[in-house]
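Breakdown of the fold
Listed below, chain by chain, are the residues.
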Amino acid sequence: MEDSALREAPFTDARSLGAPEEYADSRWVVMKFGGTSIASRDDWERIAGLLTNRMEAGLRPLVVCSAVGGVSNSLHTLIRQAIGGDPDPVLEDILARHRQLADELDIDADAVIGEYFAELRQLAAGVRLIREASPRVQARLMALGELMSTRLGGAWLGTLGMDLVWADARDFLSATEQRHKNERQHFLSAVCLHGRDPSLEARLAAANEGAILTQGFIARNVDDETVLLGRGGSDTSAAYFASLLGARRLEIWTDVPGMFSANPRAVPSARLLTALHYDEAQEIASTGGSVLHPRCVPPMRRAEIPIHVRWTGRPDLPGTVVSAATPEVEPQVKAISLRMGLTLVSMEGVAMWQEVGFLADAFELFRRHSVSVDLISTSESNVTVSIDTVSGTLEGETLETLVEDIGRLCRVRIIEDCAAVSLVGRKIRTILHRLGPALEVFEEQRIHLVSQAANDLNLTFVVDDEQGYRLVQKLHSSIIGPQRLGEAFGPTWEELQSDERKPRRLPPSWWSHRRDELLELSAAASPRYVYDGDTIRAAIGRLRAIDSVDAVFYAMKANSNPDVLRLVEAEGVNFECVSPGEIARVLELFPGMERERILFTPNFAPREEYAAALDLGVWVTLDNLHTLREWPDVFRGRDVFIRLDPGQGRGHHEHVRTAGTHSKFGIPLFELDELEALAAGADCRIVGIHAHTGSGILDPTNWAEVAGELAAAASRFPDVHTLDLGGGLGIPEKPGQEPLDTGHLARILDELKRAYPDYRLWLEPGRYLVAEAGVLLARVTQTKGKGAVRYVGIETGMNSLIRPALYGAYHEIVNLTRLKEPATEIVTVVGPICESGDRLGNDRLLPECREGDLLLIANTGAYGYTMSSSYNLREPAAETVI
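Scope of this entry: the structure provided in the associated data block. Just so you know, these numbers come straight off a predicted model, no measurement behind them.

1. Quick look at the packing of aromatic side chains
In this structure the tally under the stated criterion is 15 aromatic pairs. Aromatic side chains Phe-260 and Trp-493 sit 5.7 Å apart centroid to centroid with 80° between the ring planes, which places their arrangement in the edge-to-face category. Here Phe-260 is found in strand S8 (residues 259–260), whereas its partner Trp-493 is found in helix H16 (residues 493–498), with 233 residues between them in sequence. Overall, Phe-260 belongs to the buried group, its relative accessible area being 5%. A centroid spacing of 6.2 Å and a plane angle of 20° characterise the contact between Tyr-529 and Tyr-531, whose relative ring orientation is stacked. Side by side, Tyr-529 and Tyr-531 carry an identical accessibility label, which is buried. Through a chain of ring-to-ring contacts, the aromatic side chains of Phe-553, Trp-619, Phe-641 and Trp-762 assemble into a single cluster. Over the aromatic face of Trp-166 sits the side chain of Arg-151, whose NZ or CZ is 3.5 Å from the ring centroid.

2. Examining the sheet that holds strand S15 (residues 382–387)
Read across the sheet, six strands follow the order S14-S15-S13-S16-S18-S17 without closing on themselves; strand pairing throughout is antiparallel. Strands at the two margins of the open sheet, each flanked by one partner only, are strand S14 (373–378) and strand S17 (449–452). Neighbour to neighbour, the strand axes of the sheet diverge by 30° on average, direction disregarded. Of the pairings in the sheet, the one linking S17 to strand S18 (residues 458–464) comprises four bridges and is antiparallel in character.

3. Brief notes about the sheet that holds strand S11 (residues 307–311)
The strand order S3-S4-S2-S1-S7-S11-S12-S10 describes an open sheet built from eight strands, whose pairing is mixed. At either end of the open sheet lies a strand with only one pairing partner, and these are strand S3 (164–166) and strand S10 (275–277). The mean angle between the axes of side-by-side strands here comes to 20°, regardless of whether they run parallel or antiparallel. Alignment of S3 against strand S4 (residues 211–215), held across three bridges, turns out to be parallel.

4. Things to note about unusual backbone geometry
For the peptide bond that leads from Ser-526 to Pro-527, omega is 0°, which places it in the cis range. As for its placement among the helices and strands, Pro-527 is situated in the loop between helix H18 (515–524) and strand S20 (528–531). Look at Asp-683: it is not a glycine, yet its phi comes out positive at around 55°. Position of Asp-683 relative to the elements: it lies in the loop between helix H25 (672–682) and strand S27 (685–690).

Reading the values: rules and limits
- Residues numbered from 1 in each chain as written.
- Predicted model: local features only at pLDDT ≥ 70, side-chain atom pairs only at ≥ 80, totals over all residues.
- Heavy atoms only, no water.
- Phe/Tyr/Trp six-rings, centres within 6.5 Å; stacked < 30°, edge-to-face > 60°.
- Helix = DSSP H or I, 4+ residues; strand = E, 2+ residues; numbered from the N terminus.
- Buried < 20%, exposed > 50% of the residue type's maximum accessible area, 1.4 Å probe, protein only.
- Lys NZ or Arg CZ within 6 Å of the ring centre and 35° of its normal.
- Pairing = 2+ DSSP bridges.
- Axes fitted to C-alpha atoms, helices over the stretch in contact; angles between N-to-C directions.

Spatial relationships are all this shows, so hold off on functional conclusions.
Structure (structure tokens):
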């Protein structure tokens, strides 16, 4: 067993945090572990060490566990696939993941959780049979994730001889009946009684004197039925248990070191918040912080039980303490939070001005439809509110009927795909004058709503979704960085990740091994893109090793360098092109190539491009119905692919999410009937169905969901022989990210192949094959201090690499000249282009940089040179393949 759990940072005594005397002396400590903290044997060994420490200290731990990481999402996908298609691939993947964990733990999965496997199959079959899933059935099915994970973990802890009892959380957590909630909310977003309960303490004390292992997320209602506590429900369960037991403290063990001044995976310069008041933590959680669920804070605040947020991978770090006592009370912004996917309801009418009771009538309609309102903004003739449409508790037709009813009172407009950017802190009204310059970032944005919290803890701006990440990055850089940081602020995420005590889980990057060669290349000429051929071959090899993939098509828009294309072709990979120019380059380099190795996927292209591609004999994909409706003769007697929009986009940024209502790509599913008719009328054969949901996706289950949608659509077209699952395979970009698990992807695709043996499976990777292989090298030209901000200027900028300016993309930056020197300065790296957005990286931790040093910008092999320009008449960096 690792000794990291034994080298644990000490806990602050509960009395010093203002906890009641009776709780400070309590032996109970509630410990919650999220899905990423229980997914492997290493994780359970850490948990065993932590439990041993607690019991040796005379404490009684009650452990609350989530489902294994990713399983809850897979169960959601299973329900959708069972309703609309074939759930077997997702179902088998869920079972395989639990069997894999059981094998790591030397546990017989079928003996320990075989009954849950059987129940899961039975429920999935029932949903598939009737093509619907009631909230009651969804709750039963989703609960199996937590039950399976805790049974496996409990069985393994038992083999260690640990004094531990497994308990069903549903025997202890009772959901309350709530008025104004519909059936879906009653079953999927329940609330439980949580006042202190001495009888529960007595029941648990009678069970054993050691630890209790139970589940998060699940409870029972008065009818003895399984209910769920909503997204993030495991945090809420842990808070309920802590309150019921009068625990000494609640420990939330997760995959980050604590709560931060921004989402650290989007803003690596975000700082750890070491101490927060309950109300500050509540605001950060409510406005988009994902570390704590907002519903877990109120029970702890009422009971005055401190919350300790800790990192499972590094118990030696103290994390964040949430309590009634904080070291700072001065006005200050502590976090920049982001919530995506908001929907606004705008109600407008001159008649509402000074009309007594209008708001009462309007909000009565929200109550009647069980729709919760969050943000509110009012004027004489308009009231705009935000509602939650992404948590899964709002039924599909509810919003439509709500809008219809409100329309009888006033004009109503729905504004979808919004993002709420919030400044969270204390006494924000008193420091608005200091925030003025930072708020200039909103100058060119469309602001739908502004809300200033009545408790003076947040100031929120609602903008378009696509602007969210970039605004958070800019606000954090201009507000958190320059302000005087007090005791509550700890190290940055980047500093914590670079701590040499934390072992690297990923192998060193190729460029660290070839440093001398890169320095020599740049001495001859810079700036320069350099691509490593071996890294490209390795990425191709990982995908070619997946037996169920019949063909790989390289999306060459990512990098069209001729030497890169030659390397890709030599590895047996085909080409996906989006323009006649790309097709021409492929045929120029490989004139004898079989035309079936080229796939043309245009978007809003003119008629002539489709006709020319068909005449060349390459595969052609149709992206919308206009092509068949207006130009049927072009496709008469032809074999074509179609691109579907499955309805939900994914990816690391809004600009690269290529599915969903606000994406220009693909044929929506509701147009399939018309597509059938148009294809028949044009006498063309649909032989392949394609979907691409976005880029930078690290969750392998994405492709199972895509395949289910494609297979369901393919059943309508008898000539289909290929399901093209698209690309979007992600790479680790920021500190702490894990790579895509291609082994897990292979298992999913193997199940898909077994489920759909009549179809060929294609993948279309672009970025995945080349991004990590490329670096941009540029020399430092100048350094400059400007107030609290320090700039490092380099010889090229957004003319060579526009991704950071275009949508806030993150690229790791290192000083290659001083690679072995400690990083001591937080700087902003900028280029020479005459634009304020010419920033390659904000708030980066680097060694002291000097003129002439060579900086390396990593992961630039995709969409770097191909998107470059000669803006300002500055030539972009040249390219070299090594």
